[in-house]
Amino acid sequence: VNGTSPGPTITVHQGELVEVHVRNASVKDGLTLHWHGYDVPAAMDGVAGVTQDEVPIGSEFIYRFVANQVGTYWYHSHQVSHEQVIGGLFGTLVVLPKTGGSEAADVVAAAHTYGGTKTINGTAGDLKVPAKPGQQVRVRVINTDNGPIETWADTPFRLLAIDGYAVNEPTEVTDRSVTVTAGGRARFGRLRGLPA
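The rules behind the values
- Residues numbered from 1 in each chain as written.
- Predicted model: local features only at pLDDT ≥ 70, side-chain atom pairs only at ≥ 80, totals over all residues.
- Heavy atoms only, no water.
- Phe/Tyr/Trp six-rings, centres within 6.5 Å; stacked < 30°, edge-to-face > 60°.
- Helix = DSSP H or I, 4+ residues; strand = E, 2+ residues; numbered from the N terminus.
- Buried < 20%, exposed > 50% of the residue type's maximum accessible area, 1.4 Å probe, protein only.
- Salt bridge = Lys/Arg side-chain N within 4 Å of Asp/Glu carboxyl O.

Trainee: What is the right way to read the packing of aromatic side chains from this model?
Mentor: This model, assessed by the stated rule, comprises eight aromatic pairs. The interplanar angle of 85° and the centroid separation of 4.7 Å between the aromatic rings of Tyr-38 and Tyr-73 together place this pair among those described as edge-to-face. Of this pair, Tyr-38 sits in the loop between strand 3 (33–36) and strand 4 (60–66) while Tyr-73 sits in strand 5 (residues 71–77); the two residues are 35 residues apart in sequence, bridging distant segments of the chain. Here Tyr-38 falls in the buried class, since its relative accessible area comes to 4%. According to the relative accessible area criterion, Tyr-73 is buried, its value standing at 2%. Measuring from centroid to centroid gives 4.6 Å for Phe-61 and Tyr-63, while their planes differ by 65°, and the two rings are edge-to-face. A relative accessible area of 0% places Tyr-63 in the buried class.

Structure follows, in structure tokens:
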């Protein structure tokens, strides 16, 4: 998507219009974009053969919807998705609240396996989040693979949301991993930057 995998992260605030122009330059089977876990009008859902025809090579389609669900989501091709998603045709969507900023470092971590190599945001190895000592860190984990993954942090954390739904009264977790199911999302917070 735009020459990268994962494709660009789309970050918007609640209530803003999301407009994505898709031009299929080279995907021979055609493509569509499905907004995974996000409620959009049926005509914008991108399920090839059901809510939309595929976008063939040389054609274009404009996805347009209002971002009214806050949370962490992802988009991927839903045309021959078992091949196209594995091949890396996906990206991420973050919808922030209308108001109320945070001083936390906010990082997306899209987990994907390319040809047997496990990656985060397209790079093999651990994800290191730059943060000032004591600064809160929010990590948005998205599992783009077709099997579960285990996620963890080297510091105590709180599991704030699963698949776009807030966890009621999250408590601190130490020395445990969290299973993120295939296609699932988890938002972790209250991690603290380590002393320099």
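Additional details are given in the paragraphs that follow.
Trainee: Looking at this structure, how should I read the pattern of salt bridges?
Mentor: Pairing between side chains of opposite charge can happen when their charged atoms approach one another. On inspection of all chains with the given rule, the structure shows five salt bridges. Two residues, Glu-19 and Arg-64, come together in a salt bridge whose shortest N-O distance is 2.7 Å. In this pair, Glu-19 is assigned in strand 2 (residues 17–23) and Arg-64 in strand 4, connecting sequence segments 45 residues apart. Glu-19 sits in the partly exposed class, given a relative accessible area of 37%. Look at Arg-64 and you get partly exposed, because its relative accessible area is 41%. In this structure, Arg-138 and Asp-106 form a salt bridge, with 2.9 Å as the shortest nitrogen-oxygen distance. Placement of the pair is Arg-138 in strand 10 (residues 136–143) and Asp-106 in strand 7 (residues 105–114), with a sequence separation of 32 residues. A network of salt bridges, in which partner residues are shared, links Asp-106, Arg-138 and Arg-140.

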